[in-house]
Amino acid sequence: MIRRDGKPVYVGSSKAFSLTMQRKKAAKLVWTQAWRRLHKKGLTETTNKKRARRSNKVQRAVVGASLEEIKKKAAQKSDFRAAQRDAALKEVKTRKATNKVKSSRSGAPKGGKAFQKTPKHMGGSGKRGTTQR
């Protein structure tokens, strides 16, 4: 049999020739090598499975902190960090309390009445997003 590009193709048997002329795909015929390759038959004893390489974890510095700072924090005990957090919270609370005391002394209005916010006038057509005509 001669292929389109002019190369001669030698087919082993009349069965193979007939199926080739019918344009049957070799991968769909169970007895062909193409089918056996596609369905991974007869390869178990010849090849070993490739072992996947494990990826190594790499630590990198973050924008806010350098790598050394991150490692230091990781090495610290959790209760030490909790104590630091509590101390920071106490400091913030005391700062807020002192600010409140200062503002209550100087922030009182001299006129007697405190400023009351009045609502804006809600007039108009009453419809949002409409165009004027």
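Undergrad: Describe the overall build of the chain, listing the residues and the values that go with them.
TA: Each helix and strand in the chain was counted, giving 4 helices and 0 strands. When its helices and strands are written in sequence order, the chain yields α-α-α-α. The 133 residues of the chain split such that 4% are buried. Restricting to contacts in the chain with at least 6 residues of sequence separation, those with at least 24 account for 0%. When the accessible area of the chain is evaluated, it comes to approximately 14,300 Å², of which 54% is carbon and sulfur surface.

Undergrad: Explain unusual backbone geometry to me, and be specific about the residues and the numbers.
TA: Its identity as a non-glycine residue notwithstanding, Arg23 has a phi of 60°, on the positive side. Checked against the element boundaries, Arg23 lands in the loop between helix H1 (14-21) and helix H2 (33-38). Positive phi, close to 55°, is recorded for Lys40, a residue that is not glycine. Along the chain, Lys40 falls in the loop between H2 and helix H3 (67-75). Residue Lys40 is classed as exposed on the basis of its relative accessible area, which comes to 65%.

Conventions we followed
As a convention, each chain's residues are numbered from 1 in the sequence order in which they are written. Local features are withheld for residues below a pLDDT of 70 in this predicted model, meaning they are given only at 70 or higher, and side-chain atom pairs are given and counted only at 80 or more; totals for whole chains, interfaces and linings count all residues. Only heavy atoms go into the side-chain values, all of them from the structure, while hydrogens and water stay out. Working definition: helices are DSSP H or I runs of at least four residues, strands are E runs of at least two. Numbering for both runs from the N terminus. A simple rule labels every residue: compare its accessible area, found with a 1.4 Å probe on the protein chains alone, to the largest value its type can have, and call it buried under 20%, exposed over 50%, or partly exposed in between. Whether two residues are in contact is decided by their heavy atoms: any pair within 4.5 Å suffices. Where accessible areas are quoted, they stem from the Shrake-Rupley method and a 1.4 Å probe; at the residue level, only the protein chains shown are allowed to cover.

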